[in-house]
Amino acid sequence: MHLKAVKLYLHGLLNLIYVKFARALIPGAWLVDIAGAVLFAWGVASGVGAVASHAALALPAAWILCGVMLRAVATCTVDRIAVASAQAASRTRRADLWHRLLGGRLARLISSGESANLALDHSTAIENRDQRFSPIRINAVVGPLVVALVVAPASWVAAAIMLGTLVPFTLGMILAGTASRRAAERQLAALGALSGLFVDRVTHLPLIRHFGAETRIGRQVRAATGEVAHRTVAVLRTAFLSNAVLEFFSALSIALVAVYCGFSLLGLLPFPAPEKLTLVPAFFVLAMAPEFYLPMRRLAAAYHEKQLGEAAEQALAPFAAEPETYGQDGDPDGAAGGSAVSDNAGPAPFDGLHVERLVLAFPGLAVGPLDFDLESSDLAALSGPTGIGKTSTLAAIAGQLAPSSGSISSRAGTPLAGDAAAWAAQRPLLMTGTLGHNLALAAPQATEAEILAVAQRVGLGPVLARRGGLAMPIDHAGSGLSGGERRRISLARAILSARPLILCDEPTADLDEDSATGIIALLRELASERCILVATHDPALIRAARQEIAL
Amino acid sequence: MIPTHAATLPTTARPALLATAGLARRRLAYASLCAGLAAIAAIGLLALSGWFLTAAALAGSAGVATAMGFNYLIPSAAIRLLAIVRTLSRYGERLLSHKVALEGMADLRGSLFDKLAAQDSRTAPDTSPGEASNRLIDDVEALEDLVIRQPARHAAAVSALVSLVLVAFGGWRALLFLAAMMAGLPFLFRRISERLTRTPAEAAAAALGDLRKGYVELASARAEIAAYSLADQAIAQLEPSASAFDKARADLFRAEALQGALLSIYGGLCVAGVLLLARESAPMVALAMLATASAVEAMGGLSRSLLRRAALEAGLRRIASLNALDAALQEPVSAAAAPLAFGTHHVPTGARLAITGPSGSGKTRVLLALAGMQQPVADLSMDATPLASLPAWRLNSQFALSPQDAPMLIGTVADNLRLARSGVTEAQMWEALKVAQLDQRIARSEAGLDTPVSEGGGVLSGGERKRLSLARALLAERPWLLLDEPSEGLDAATEAALVESLRRWLDRTGTGLVLVSHRKAPLTLCGETIDVTDLA
């Protein structure tokens, strides 16, 4: 376990160094790209010069080819580094985020679909931004200046013209950008809901077909998608203005450079010539002119990725930091051992549960204030209809959900240890492996005899006999296991974990009467040695409990 | 040329798709016109600048007289004009192509929806709702992106032609050379795209699918993972698909960069070739070289769209196959009640029947089969015909289901009630809500029937959604009501009231009932029971 932690740490450290180091190489690669552009422009210019003076063309052609090769190498290098560093950063971010979403303490409970959306889609959107937008950003700042610097020895006036267009360009971008962007963002957020309608209706097709509502809903979908298109186009009308500004100044700088150089070469400038131009340097300047705005045009092309990445970052922000914790901290290995309670001399032994003025208040959910006490061996039922917040209350007691206010402690008033509570789920986590491995997930050091004894105790005997004992193979979908058997697996796991407090989420829901009666009997029996809190709306289970806490 | 069947399919499927989306070439024509104009202006700007500059240098060095005789007004004005044309036409191209794509895709979404809606739920291609619908949405977005890029493809062709016209000023050798290079580019880059991107694009999609499935499974076991600190082990399970996903994406990105690099080298070869082969004056060679350089750059749009096409091929194929579905819709009609048979057990119209059996024995499946949502596994028939051989619309005319998970459309209470049938009045809604014991709750809510209902919560609790779903089934006025755990999550008093009002409603309307419930109270509605294990 320790070795693994060290390895993980080192891996993370190397990753970090690599990301920082590799990113530092990106500006260098962009300089190589500009060097390639310079060679290419020089090749073209000296080629024109050679044609004019009837000189050999081989060398200019070679410059041209060298230039494009250099550019090819540079862009591939930038991309390679960007991919590696974006993915390295993404792996670190993902590891963190996944840990938090799957095993950490959250500010509110989220559905598994939403969790997957955050963990996969949003994380990928940020990676795309790092990959496509971030590496260009430095070039957009430095690139034009370097191009102006390279052009200056050939014609400082042309360099000044290029830099000069930056001023009205920046003003134009500010004008076209800010106001319209704000409006667009507001508008697009409102459009999100409308475009969600299509997704929702496609998801509910079986229901829509069942009620024969195809035509009616179809009309609604058409109206909504049409509206989305219509309003999006209205937004784009202004949103594309900033691109037009960029396009205009990039064209203008080429035109101005060409006209200046032409007139200067003709000797027809309407003002005294500030410098003496000849064909090759002038042509070089012209060939370099498109390069000045190129980095910014590249940046604009990747702007969509930036917006998506930032939106994703915002969506992830509430999950970026763990809410203030008690108990359940981020210790990755320590709490896994079921015997940790007896090993640690640390916190006082569990003497019962004390809940005081517990309030959970999230959108769509309001629980409490709740006050109750449980003995160290007890059976209590948290009751109330589906959706009222029973599972959320259990999650708060388990330390997985930050309550809005109130306290959860042992009866002596000390905070619960991180490994005080076991959780028996409706559908337990199943990993590909044997049944024995799955039962002992929370107690890896349990012996086969111990596992077998607990399995028999929770009534898994018949399954074991039928399907090959503890070595019975299990896939992660738990194929071939009934609802009742799943329930028993999660209870066996909770018992094996040797934790003093067992939280059971709907242990009898959707079970037939015989299975439910069996589970209730088992819970009653367990209540003589553990503190058990069940969330249920099953009257039989509520009757069996020593205490009912109605939400 | 391209041997595989898969590779040739989308090329033929694409025009059909665009046509369905109302995207006849005519609608894209203006966007393409702008794109072409922008391409001409961009090439013209650079080429003309090069010619002007070189000619000016030669005239300038030939002496003051020649310089004075040089007509500089037209070229310098043309250069400025081209700069403006380039800006305006680019803006027009962007806006118009987005407009056409957005509007066309809105139509396509509508028509895909109609076609999917006309399918039988038991055999429809969207039977696993989450994944299939997500894929459909991604695919349509990808197609939208392709349509937006369509004018850039036309612009690439225009650029190639314009550059050839301009290079002709550099002599026939250069012209022939460039014509060959330009003609070869699309074929070469299509091959490169196919080779480089097909495999990683498909691998990335597959890995993401696996990853999502695995992740959702873990996320639904979150409480246990958190309680026992199993996150490391759990995440390790995802590692293979996460690595595969990362690798495929990295390959895809690198392929894109490589293609860009190859294009830039190709452009260099073209320019160098034109330089070596041109046999004309310096201004004409300058014009030819700069035209070539900027035309190859414009071809970048084509090469990028080829790259995306290769990556999106699977998605385009999926949309094409959905779009080929038959949209003929048979709406359910109000029909006389039909008798049912469960195995050998015959159930007359208007009967009330409970289906019992241990959990996991398939009670819900029986209801879903009757509702036409799943293939029957049990021996069920209606009107003496096995369920499997009845068309879905016949089943939909007979049954109204309130499913166990009470799915709700995003919208309002009224939206969800209106789903039941056309022409539902407000009075009827309130009446159904009253039977479902939900009228007071909705009346208390400020928005009344306009109270929002959403996927994961909204203001209604789980039990309330369940009763809303019941009210919806009542409103459908079908001869048979199918209820799956209708009183789940209710306290005893509400449950008793609900059962009583349901009894009165059933008595009054003569509607038949097939019920699945593990609670005692609703079972008292039923005159007979059937054990589902006897049906297998």
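Bear in mind the structure is a predicted one, so any value in this text is a computation, not a measurement.

So, how was this worked out
Residues numbered from 1 in each chain as written. Chains lettered and ligands numbered in written order. Predicted model: local features only at pLDDT ≥ 70, side-chain atom pairs only at ≥ 80, totals over all residues. Helix = DSSP H or I, 4+ residues; strand = E, 2+ residues; numbered from the N terminus. Buried ≥ 20, exposed ≤ 12 C-beta atoms within 10 Å, placed from the backbone. Contact = placed C-beta atoms within 7 Å. Rg over C-alpha atoms; globule rule 2.2 N^0.38 Å. Nonpolar A, V, L, I, M, F, W, Y, C, P; charged D, E, K, R; others polar. Core = buried A, V, L, I, M, F, W, Y, C linked by C-beta atoms within 7 Å. Domains from an automatic or database assignment. Arc of directions from axis to C-beta. Pairing = 2+ DSSP bridges. Axes fitted to C-alpha atoms, helices over the stretch in contact; angles between N-to-C directions. Parallel < 35°, antiparallel > 145°, perpendicular 65-115°, else oblique. Left-handed = near helix turned anticlockwise from the far one by under 90°. Expected span 1.5 Å × (residues − 1). Bend = angle between axes of the 7 residues up to and from the residue. pLDDT = per-residue confidence, 0-100.

A.B. asks: Can you help me understand the overall build of chain A in this one?
C.D. replies: Regarding its fold elements, chain A presents 17 helices and 10 strands. For chain A, buried positions account for 50% of its 551 residues. Residue pairs at least 24 apart in sequence account for 81% of intrachain contacts in chain A once pairs closer than 6 positions are excluded.

A.B. asks: Would you mind showing me how to read the overall build of chain B here?
C.D. replies: If you tally the helices and strands in chain B, you get 17 helices and 11 strands. A globule of 536 residues ought to have a C-alpha radius of gyration of about 24 Å, yet chain B, at 33 Å, is considerably larger. A total of 536 residues make up chain B; the buried ones form 53% of that total. Here the analysis covers contacts within chain B between residues at least 6 apart in sequence; of these, 80% occur between residues at least 24 apart.

A.B. asks: Got a minute to help me understand the interface of chain B and chain A in this structure?
C.D. replies: How big an interface is tends to be stated in terms of the accessible area lost upon association of its parts. Counting residues at the interface gives 119 residues for chain B, matched by 126 residues for chain A. Here the residues of the side of chain B that touches chain A sort into 69 nonpolar, 30 polar and 20 charged.

A.B. asks: Quick question: what am I supposed to make of the nonpolar core here?
C.D. replies: Across soluble globular proteins, nonpolar side chains have a tendency to be buried as a group. Counting 341 residues, the largest nonpolar core has Val257(A), Phe283(A), Val274(B) and Ala288(B) as the members making the most contacts within it. In this structure, Val274(B) is in contact with Val167(B), Gly170(B), Ala174(B), Phe177(B), Leu178(B), Ala288(B), Met289(B) and Thr292(B), ignoring residues within four places of it in sequence.

A.B. asks: Could you clarify how one ought to interpret the domain arrangement of chain B in this entry?
C.D. replies: Assigned domains of chain B: these are domain 1 (5-323) and domain 2 (340-534). Summarising the inter-unit geometry, the C-alpha centres of domain 1 of chain B and domain 2 of chain B are found 52 Å apart.

A.B. asks: Got a minute to help me understand helix H13 (residues 448-457) of chain A in this structure?
C.D. replies: Owing to its 3.6 residues per turn, the α-helix brings residues three or four apart onto one side. Residue and element names in this part refer to chain A. Every buried residue belonging to H13 is among Ile-451, Val-454 and Ala-455, and all of these are buried. For H13, the angular spread of the buried residues around the axis is 100°, confining them to a single face. In H13, those exposed residues whose orientation departs by more than 90 degrees from the buried face are Ala-449 and Gln-456. Backbone geometry just downstream of H13 places Gly-459 in the positive-phi region, at approximately 90°.

A.B. asks: Looking at this model, I keep getting lost on the sheet that holds strand S8 (residues 501-505) of chain A. Mind explaining?
C.D. replies: Residues and elements named next belong to chain A. Read from one edge of the open sheet, five strands run S5-S8-S9-S3-S10, paired in parallel fashion. Every other strand in the sheet has two partners, leaving strand S5 (421-424) and strand S10 (547-550) as the edge strands with one partner each. This sheet shows a mean twist of 20° between the axes of neighbouring strands, independent of strand direction. When S5 meets S8, the two strands line up parallel, connected through four bridges.

A.B. asks: I'm lost on the packing of helix H3 (residues 112-151) of chain A against helix H8 (residues 279-301) of chain A in this one. Help?
C.D. replies: Axes are the key here: two packed helices are described by the angle between their axes and the distance separating the axes. Residue and element names in this part refer to chain A. Their axes nearest at 8 Å, the elements H3 and H8 cross at an angle of 165°. By the angle between their axes, H3 is roughly antiparallel relative to H8. Between H3 and H8 the crossing geometry is left-handed. Each of Ile-136, Arg-137, Asn-139, Ala-140, Gly-143, Pro-144, Val-147, Ala-148, Val-150 and Val-151 in H3 lies in contact with H8, whose residues at this interface are Val-285, Met-288, Glu-291, Phe-292, Pro-295, Met-296, Arg-298 and Leu-299. Each residue belonging to the contact of H3 with H8 can be placed in one class, and the counts come to 13 nonpolar, two polar and three charged.

A.B. asks: Honestly, helix H8 (residues 231-277) of chain B in this entry has me stumped. Any pointers?
C.D. replies: Counted at 1.5 Å a residue, the expected span for H8(B) with its 47 residues is 69 Å, and the 66 Å between its end C-alpha atoms agrees. Of all bends in H8(B), the biggest is about 45°, found at Glu239(B), and the proline Pro240(B) comes one to four residues later.

A.B. asks: I keep staring at unusual backbone geometry and nothing clicks. Help me out?
C.D. replies: The phi angle of most residues is negative, glycine excepted, and most peptide bonds adopt the trans form. Positive phi is not limited to glycine here, since His54(A) has a value of about 55°. Structurally, His54(A) can be placed in the loop between helix H1 (2-52) and helix H2 (58-103). You will see that Glu477(B), though not glycine, has its phi angle at about 55°, which is positive. Mapped onto the elements, Glu477(B) comes out in the loop between helix H15 (462-475) and strand S9 (480-484). Given 16 C-beta atoms within a 10 Å radius, Glu477(B) is considered partly exposed.

A.B. asks: What's the story with the pairing of strand S10 (residues 512-516) of chain B in this structure? I'm lost.
C.D. replies: Residue and element names in this part refer to chain B. Taken across its five residues, S10 has five buried, putting it largely inside the fold. On S10, burial covers both faces: Gly-512, Val-514 and Val-516 on one face and Leu-513 and Leu-515 on the other are all buried. Here strand S3 (residues 352-356) pairs with S10 via four bridges, running parallel. Following the sheet pairing, Ile-355 is matched in S10 by Val-516. Both S9 and S10 contribute to a ladder of five bridges, which runs parallel. Looking at S10, one finds that Asp-484 is bridged to Val-516.

A.B. asks: Sorry, what's going on with the packing of H3(A) against helix H9 (residues 303-320) of chain A here?
C.D. replies: Residues and elements named next belong to chain A. Running from N to C, H3 and H9 point in directions that differ by 140°, and their axes come no closer than 8 Å. What the angle tells us is that H3 and H9 run oblique. Read as a crossing pair, H3 and H9 show a hand that is left-handed. Contact residues: Leu-118, His-122, Ala-125, Ile-126, Asn-128, Arg-129, Arg-132 and Phe-133 in H3; Glu-305, Lys-306, Leu-308, Gly-309, Ala-312, Glu-313, Ala-315, Leu-316 and Phe-319 in H9. By residue class, the composition of the contact of H3 with H9 is nine nonpolar, three polar and five charged.

A.B. asks: Please explain the sheet that holds strand S1 (residues 340-342) of chain B as it appears in this structure.
C.D. replies: Working definition: the strands of a sheet are paired by backbone hydrogen bonds and lie parallel or antiparallel to each other. All names here are of chain B. Pairing within the open sheet is antiparallel, and its four strands lie in the order S2-S1-S4-S5. Looking at which strands have only one partner, the edges of the open sheet turn out to be strand S2 (345-347) and strand S5 (385-386). The pairing of S1 with strand S4 (residues 380-382) spans three bridges and is classified as antiparallel. Following the sheet pairing, Ala-341 is matched in S4 by Ser-381.

A.B. asks: In this structure, what is going on with the confidence of the model for chain B? I would like to understand it.
C.D. replies: Regions with low pLDDT carry predicted coordinates that are not meant to be interpreted in detail. All names here are of chain B. In this model, chain B carries a mean pLDDT of 84, and residues with pLDDT of at least 70 account for 90%. Predicted confidence for residues 1-13 stays below pLDDT 50, and this span has 11 contacts to residues more than four positions away or in other chains. Predicted complex metrics record ipTM = 0.83 and pTM = 0.79.

A.B. asks: Explanation requested: the environment of Leu10(A) in the structure shown.
C.D. replies: All names here are of chain A. Residue position: Leu-10 is located in helix H1. What makes Leu-10 exposed here is the crowd of 10 C-beta atoms within 10 Å. As for Leu-10 and Ser-264, which are separated by 254 residues in sequence, their C-alpha atoms are 62 Å apart.

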